[in-house]
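# Chains, contacts and geometry: an overview
Take a look at the letters that make up each chain.
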Amino acid sequence: MKILIVNAGSSSLKYQLVDMLNEATLAQGLIERIGIEGSKLTQKVNGEKNVVKSPLTNHIEAVEMMVSALTNNVYGVLKSMDEISAVGHRVVQGGEHFTASAVINEEVLAAIDANCALAPLHNPANLMGIRACREIMPKTPMVAVFDTAFHQTMPAKSFLYGVPMDYYKRLRVRRYGFHGTSHSYVSKRAAVMLGRPIEELRLVTCHLGNGSSMAAVQFGKSVDTSMGMTPLEGVIMGTRSGNVDPAVLQFIMNSENLDINQMLDILNKESGFLGLSGISSDMRDVEEAAEKGDKAAQIAIEMLYQGIKKYIGAYAAVMGGVDAIIFTAGIGENGWELREAVMENMEFLGASIDKEKNKVRSQEIDVSMPDSKVRILVIPTNEEIVIARDTLALVGNTDH
Ligand code: ADP
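Residues numbered from 1 in each chain as written. Predicted model: local features only at pLDDT ≥ 70, side-chain atom pairs only at ≥ 80, totals over all residues. Heavy atoms only, no water.

It is worth spelling out the packing of aromatic side chains at this point. We describe a pair of aromatic rings using the distance from one ring centre to the other and the angle between the two ring planes. Applying the stated rule across the entire model yields three aromatic pairs. Centre to centre, the rings of Phe98 and Phe146 are 4.1 Å apart; their planes meet at 15°, and the pair counts as stacked. Of the two residues, Phe98 sits in the loop between strand E6 (84-91) and strand E7 (102-103) while Phe146 sits in strand E8 (residues 142-146), which places them 48 residues apart along the sequence. The pair Phe98 / Phe146 is uniform in exposure class, with both members buried. Here the basic side chain of Arg172 rests over the ring of Tyr168, its NZ or CZ set 4.6 Å away from the ring centre. Above the ring of Tyr176, the side-chain terminus of Arg174 is found at 4.9 Å from the ring centroid. (Phe/Tyr/Trp six-rings, centres within 6.5 Å; stacked < 30°, edge-to-face > 60°. Helix = DSSP H or I, 4+ residues; strand = E, 2+ residues; numbered from the N terminus. Buried < 20%, exposed > 50% of the residue type's maximum accessible area, 1.4 Å probe, protein only. Lys NZ or Arg CZ within 6 Å of the ring centre and 35° of its normal.)

Below, the structure written as C-alpha cells:
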C-alpha cells in the first residue's frame with residue numbers, strides 16, 4: 001500500500017511517497033516557485049535527483065507536475081496514480097476543532113477554512129494543496145494531519161493568555177502550539193528507547209530547526225509548549241523573534257512609523273538569528289561566524305542556548321520532574337555543540353551529558369552519562385511517517 005504525503009506552502013509543495021509495507025520512502029520531491037517565474041520540480045529516487053523546469057501558475061498545475069514526475073517512465077516510481085491508496089496532507093492550524101487527524105470531506109475542508117484567520121500564512125496554502133490534489137485525484141481518499149492536534153491536551157492554565165477572557169470566548173485567542181507530529185513522534189520513540197511505558201514518563205521535547213518549539217509531554221500528553229497562537233512565540237528561531245514584550249512593538253512602530261503588518265513581517269522574517277547576527281538565518285552560518293569571533297553571532301547563539309535552558313527548567317518544574325530531555329530537528333539532531341552547551345550545569349536537575357557520546361549527528365542515541373538520572377536523547381524526527389501512519393490508520397488498508 002502506497003501513501004503520498006503532501007505539504008503545501010504558498011509557493012512550494014513538498015511530497016513524499018511511502019510504501020507502508022516497510023515504511024520505505026519511494027520518492028521525495030519539492031516543487032518551488034509556484035506562481036513565480038522560475039518554477040521547478042526536484043524529485044529524488046534512491047538518491048538520484050531529477051529536475052524539471054516548467055512554468056506553474058497555480059497549485060493545480062503543480063500537482064499535475066508532481067503526478068507526471070511520479071509516473072514518468074524513466075525516473076518515476078509509479079505506473080499510474082491509481083497505485084496511490086491515500087494522500088496525507090499536512091495542515092498547520094487545526095484550531096480547537098481537531099484533536100486528531102481527520103479524513104477530508106466537505107465538512108473538514110470547511111473547518112480548515114474556518115481556521116485560516118488564525119494561520120493566514122499557512123492554512124490557505126495547505127487548503128490550496130488539498131483542493132488541487134482532490135481535483136487531480138478525485139477518487140483517492142485523503143487525510144488531514146494537523147500540527148496543532150497533539151497539543152490539544154494542554155490544560156487551560158497552559159493555553160490561555162493573560163488577556164480578557166472574552167477574546168478567548170469570542171475569537172479563540174489562545175496558545176495552540178505547533179510541530180505536534182514531531183513532538184508526538186519523538187515522545188513515542190523515547191518511550192521505546194527507554195523501555196518504559198509512555199504513560200509514566202515526563203519528557204521535555206526540543207524541536208529545534210528553522211522554526212523551533214519546546215514541549216512538556218507528561219504521561220504521553222502535551223501539557224505545555226512554547227509556540228503560541230502562531231509559530232512566532234517561544235525561543236529565538238532562524239528568522240522569528242520568539243518571545244518579545246508586546247509593548248516593544250508599539251515603541252518600534254511609533255519610532256519607525258511602521259504599521260502592524262510591517263512590524264509582524266519584521267518579527268516573522270527579519271528577526272531571530274538573521275536579525276540578531278545580521279549574517280544568516282541558518283545555524284551553521286551563524287556558528288561559523290561565531291567561531292571566527294563575530295560577537296553578534298556569538299550572542300545570538302548564547303540567546304538560543306539560554307532560551308532552551310529556561311524552557312527545560314520551567315517544564316521540569318511544571319511536571320514535577322523530568323525523565324528525559326529529547327533533542328530533534330535540524331539543529332537538535334545535528335548540533336552537538338548546542339546540546340553540550342544547553343546541558344551544561346544541569347546536574348542540579350539530575351541531568352549530565354556524556355560529551356564524547358554526544359558528538360554525533362542525526363542518530364537515535366542516548367547521550368547521557370550512565371549515572372544521569374535524567375536521560376538525554378537525540379532522536380531524528382520523522383513527521384512524514386506520522387502523517388503516513390495516521391493516513392493509513394484512518395483510511396484502512398485498501399491495498400490494490
Ligand atoms: P525546518 O524547520 O525548515 O524543517 P530543519 O529541521 O531542517 O528546518 O533545521 C534547519 C536548521 O538546522 C538550520 O538552522 C541548520 O543550520 C541546522 N543544522 C543542520 N545541520 C546542522 C549541523 N550540522 N550543525 C548545526 N546546525 C545544523
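On we go.
With that settled, the discussion passes to the site of the ligand. Lining the immediate surroundings of the ligand are 13 residues, of which Asn210, Asp282, Met283, Gly330 and Arg361 lie closest. Measuring from an oxygen atom of the ligand, one finds a backbone N or O atom of Arg284 at 3.2 Å. Arg361 is positioned such that a nitrogen or oxygen atom in its side chain is 3.1 Å from a nitrogen atom of the ligand. Coverage of the ligand by the protein chains reaches 72% of its 590 Å² of free accessible surface. Of all elements in the fold, only helix H10 (283-291) and helix H12 (329-334) reach the threshold of two or more residues within the shell around the ligand. (Near = heavy atom within 4 Å. Polar contact = N/O pair within 3.5 Å; in protein donor to acceptor, adjacent residues only side chain to side chain. Areas by Shrake-Rupley, 256 points an atom, 1.4 Å probe, with all protein chains shown as cover.)

Moving on, we get to the sheet that holds strand E2 (residues 13-19). If you walk across this open sheet you meet the eight strands as E5-E4-E3-E2-E1-E6-E8-E7, and the pairing is mixed. Unpaired on one side and paired on the other, strand E5 (48-53) and E7 mark the two borders of the sheet. In this sheet, strand E3 (residues 24-32) lies alongside E2 in antiparallel orientation, the contact comprising seven bridges. Residue Leu13 lies in a different strand from E3, and its bridge partner there is Ile31. (Pairing = 2+ DSSP bridges.)

Time to look at the nonpolar core. Looking at soluble globular proteins, one finds that nonpolar side chains tend to be buried together. Ranked by internal contacts, the top residues of the largest apolar core, which has 42 residues, are Met214, Ile308, Ile312, Leu338 and Met343. Looking at this core, the elements with two or more residues in it are strand E9 (202-208), strand E10 (212-218), H10, helix H11 (295-319), strand E12 (324-328), helix H13 (336-342) and strand E14 (375-378). The element that contributes the greatest number of residues to this core is H11, accounting for 11 residues. Setting aside chain neighbours within four positions, we find Ile312 in contact with Val204, Cys206, Met214, Ile325, Val342, Met343, Met346 and Leu349. (Core = buried A, V, L, I, M, F, W, Y, C linked by side-chain atoms within 4.5 Å. Contact = heavy atoms within 4.5 Å.)

What follows concerns the sheet that holds E10. The sheet built from six strands is open, its strands ordered E11-E10-E9-E12-E14-E13 with mixed pairing. The sheet is open, and its two edges are formed by strand E11 (221-225) and strand E13 (365-366), each paired on a single side. Sheet topology note: the E9/E10 ladder contains seven bridges and is antiparallel. When the sheet's bridge partners are listed, His207 is paired in E10 with Ser213.

Another point: the pattern of salt bridges. Note on pairing: side chains with opposite charge can pair once their charged atoms come close. This model, assessed by the stated rule, comprises 18 salt bridges. Two residues, Asp166 and Arg170, come together in a salt bridge whose shortest N-O distance is 2.9 Å. Linking Asp166 with Arg170, this pair stays in helix H5 (residues 165-171), spanning four residues, or about one helical turn. Residue Arg170 is classed as exposed on the basis of its relative accessible area of 55%. Between Arg175 and Asp224 there is a salt bridge, and its shortest N-O distance comes to 3.9 Å. Residue Arg175 is found in the loop between H5 and helix H6 (180-194), and its partner Asp224 is found in strand E11; the two are separated by 49 residues along the sequence. On the accessibility criterion, Arg175 (10% relative accessible area) is buried. Taken together, the shared-partner salt bridges in this structure form one network comprising Arg196, Glu200, Arg202 and Asp323. (Salt bridge = Lys/Arg side-chain N within 4 Å of Asp/Glu carboxyl O.)

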